[in-house]
Amino acid sequence: MQTKFTLGLTAGLVAAYAATQLSRARLGISFDNRVVMITRGSRGLGLVIARIFVDEGARVVLLARDLDELARAREDLESRGRGDVMTLRCDVRRRAEVRAAVDAVIDRWRGIDVLINDAGIIQVGPLDNMLHEDFENAMATHFWGPLHLILEIAPIMRHRRFGRIVNISSIGGKIAVPHLAPYCASKFALTGLSDAIRAELDPYGIRVTTVTPGLMRTGSPVNAQFKGQHDAEYTWFKLASSIPGLSIAAERAARKIVEACRYGDPALSITAAAKAAIVADAIAPAAVARAMMLVTRTLPSPNGLTGNTVKKGIENEAKTRWSPSLVTRLSDNAAIANNEI
């Protein structure tokens, strides 16, 4: 009796999995000639994602605030010999600039098929050294920015009965991590927004994907913002972002994101460590909370008023004996390859 039940359950699970895969396959799309808008597409993960779309023949629009970064990114993408590239200076925190950017794309290509919300900022340091402005900036970048774009682009997609929206949140948008309070608070908001709009946009043919990656080797620590004991905060953050196994190569993460976008997957978590943490938090939230309390005790302490000053990662590079080093080599190489420096 027990054996029959087990066999029946196994057969049912296999059938359900097969049906899910067949349904997913029917949703797959080609990106050839699709118009793909990527925020912060000038460097880091956004640029790596843009390369994949260009290689598939997409018309790629990069939004970023730095014109020099945009120029280098455009040259990088055009050297690949496929797709069309458009670059626009845009601060996604300002809705008027978002509206102008969307209008410019519509004037040129008459539509937007895919939106990748990747614009981000990360402030690392103890809560004692975080100011109200740090939280405002994080929320403006991670929540209001994506919302501005969604409010402008979703009506266009709804009219065409087709669209893909990918919101790149973070494991920090599922589990709060110490010394990343503004980042986690704003990423939680983005995760909630992305999950909330998914069901309501689905009837119009718009598939929304929420991505919650763990640590990735994009090279971004050099552009992150640090407070408190600046060099000590930079050291632990860069080391954690560089170690294989704990982090994932930007190219692997980008391929997973593009494939999730292709099939309109509802959600994607990246890295085994991130997936395990999410499961652990769902099963034993109190234990995970206590673990985070223990982690906090190992991190650098606050640094008085001096610690309220923001320093970019690159400013701390010369003050840590761990970077550059063999341990951080992969992250250092990624920073060069992905236009972070």
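Residues numbered from 1 in each chain as written. Predicted model: local features only at pLDDT ≥ 70, side-chain atom pairs only at ≥ 80, totals over all residues. Heavy atoms only, no water.

K.L.:
Sorry if this is basic, but what is going on with the overall build of the protein here?
P.N.:
Helix and strand counts for the protein stand at 12 helices and 12 strands. Taken against the 2.2 N^0.38 rule, which gives 20 Å for 341 residues, the C-alpha radius of gyration of the protein at 21 Å falls within 12% of a compact globule. In terms of principal-axis extent, the alpha carbons of the protein reach across some 65 × 55 × 35 Å. Within the protein, buried positions represent 50% of all 341 residues. Taking as baseline every contact in the protein between residues at least 6 positions apart, the subset at least 24 positions apart corresponds to 76%. When the accessible surface of the protein is totalled, it reaches about 15900 Å², and 58% of it is carbon and sulfur. Of the charged side chains in the protein, 43 are positive and 34 negative; the average position of the first set lies 6 Å away from that of the second. (Helix = DSSP H or I, 4+ residues; strand = E, 2+ residues; numbered from the N terminus. Rg over C-alpha atoms; globule rule 2.2 N^0.38 Å. Buried < 20%, exposed > 50% of the residue type's maximum accessible area, 1.4 Å probe, protein only. Contact = heavy atoms within 4.5 Å. Areas by Shrake-Rupley, 256 points an atom, 1.4 Å probe, with all protein chains shown as cover. Lys, Arg positive; Asp, Glu negative; His and termini not counted. Charge placed at Lys NZ, Arg CZ, Asp CG, Glu CD.)

K.L.:
Please explain the environment of Thr209 as it appears in this structure.
P.N.:
For Thr209, the location among the structural elements is in strand β7 (residues 206–213). With 25 residues separating them in the primary sequence, Thr209 and Cys184 have C-alpha atoms 19 Å apart. Ignoring any residue separated from it by four or fewer positions in sequence, one finds Thr209 in contact with Ile165, Val166, Asn167, Ser194, Ala260, Gly264, Asp265, Pro266 and Ala267. From its side chain, Thr209 meets the backbone oxygen of Asp265 in a polar contact 2.5 Å long. (Polar contact = N/O pair within 3.5 Å; in protein donor to acceptor, adjacent residues only side chain to side chain.)

K.L.:
What is the right way to read the sheet that holds strand β1 (residues 35–39) from this model?
P.N.:
Each strand in a sheet pairs with its neighbour through backbone hydrogen bonds, running either in the same direction (parallel) or in the opposite one (antiparallel). The strand order across the open sheet built from 7 strands is β3-β2-β1-β4-β6-β7-β11, with neighbouring strands paired in parallel fashion. Lying at the two open borders of the sheet, with one neighbouring strand each, are β3 (84–89) and β11 (267–270). Within this sheet the neighbouring strands show an average axis-to-axis angle of 15 degrees, counted without direction. Two elements, β1 and strand β4 (residues 114–117), share 3 bridges in a ladder whose sense is parallel. Pairing of Met37 across the sheet is with Leu115, part of β4. Along the sheet face, helix α3 (residues 67–78) touches β2 (59–64) and β3 and points at about 175 degrees away from the line of β3. (Pairing = 2+ DSSP bridges. Axes fitted to C-alpha atoms, helices over the stretch in contact; angles between N-to-C directions.)

K.L.:
Sorry if this is basic, but what is going on with the pattern of salt bridges here?
P.N.:
Think of it this way: side chains of opposite charge can pair up when their charged atoms draw near. Under the criterion given, the structure shown has 21 salt bridges. Between Arg198 and Asp195 there is a salt bridge; the shortest N-O distance is 2.8 Å. Highlighted residues: Arg198 and Asp195, both in helix α6 (residues 181–201), separated by 3 residues, approximately one helical turn. A single network of salt bridges, built from pairs that share partners, joins Arg34, Asp113 and Arg160. (Salt bridge = Lys/Arg side-chain N within 4 Å of Asp/Glu carboxyl O.)

K.L.:
Honestly, the packing of helix α4 (residues 95–109) against helix α5 (residues 132–160) in this entry has me stumped. Any pointers?
P.N.:
Helix-helix packing is described using two parameters, namely the angle between the two axes and the distance between the axes. Here α4 crosses α5 at 30 degrees, and the two axes come no closer than 9 Å. The orientation of α4 relative to α5 falls into the category roughly parallel. The handedness of the crossing between α4 and α5 is right-handed. Seen from α4, the contacting residues are Arg95, Val98, Arg99, Val102 and Ile106; seen from α5, they are His148, Leu149, Leu151, Glu152, Ile153 and Ile156. (Parallel < 35°, antiparallel > 145°, perpendicular 65-115°, else oblique. Left-handed = near helix turned anticlockwise from the far one by under 90°.)

K.L.:
I would appreciate a short explanation of the nonpolar core in the present structure.
P.N.:
For soluble globular proteins, the rule of thumb is that nonpolar side chains tend to be buried together. Residues Ile38, Ile49, Phe53, Ile116 and Ile257 are the most contacted members of the largest nonpolar core, which totals 37 residues. Elements with a contribution of two residues or more to this core: β1, α2 (44–55), β2, α3, β4, β6 (163–168), α8 (250–263) and β11. The element best represented in this core is α2, accounting for 8 residues. Residues in contact with Phe53, not counting those within four places in the same chain, are Phe31, Val36, Ile38, Ala58, Val60, Val114, Ile116, Val258 and Cys261. (Core = buried A, V, L, I, M, F, W, Y, C linked by side-chain atoms within 4.5 Å.)

K.L.:
When you look at a nonpolar patch on the surface in this model, what are you seeing that I'm missing?
P.N.:
Together, Ile243, Leu246, Trp322 and Val327 give the surface a local cluster of nonpolar side chains, amounting to about 310 Å² of exposed area. Relative to the helices and strands, Val327 is located in the loop between α11 (313–316) and α12 (329–337). (Patch = residues over 30% accessible without salt bridge, like charges linked within 9 Å, V, L, I, M, F, W, Y side chains within 5 Å.)

K.L.:
Got a minute to help me understand the pairing of β4 in this structure?
P.N.:
Consecutive residues of a regular strand have side chains that alternate between opposite faces of the sheet. Along β4, one buried face is formed by Val114 and Ile116 and the opposite face, lined by Leu115 and Asn117, is buried too. Two elements, β4 and β6, share 4 bridges in a ladder whose sense is parallel. Along β6, the bridge assignment pairs Ile116 with Val166.

K.L.:
So what exactly am I meant to see when it comes to the packing of α2 against α8 here?
P.N.:
The interhelical angle for the contact between α2 and α8, taken along N-to-C directions, is 60 degrees, at an axis separation of 9 Å. By the angle between their directions, the pair α2 and α8 is classed as oblique. Two packed elements cross with a definite hand, and for α2 against α8 that hand is right-handed. For the pair α2 and α8, the contacting residues are Leu45, Val48, Ile49, Ile52 and Phe53 in the first and Ala250, Glu251, Ala254, Arg255, Ile257, Val258 and Cys261 in the second.

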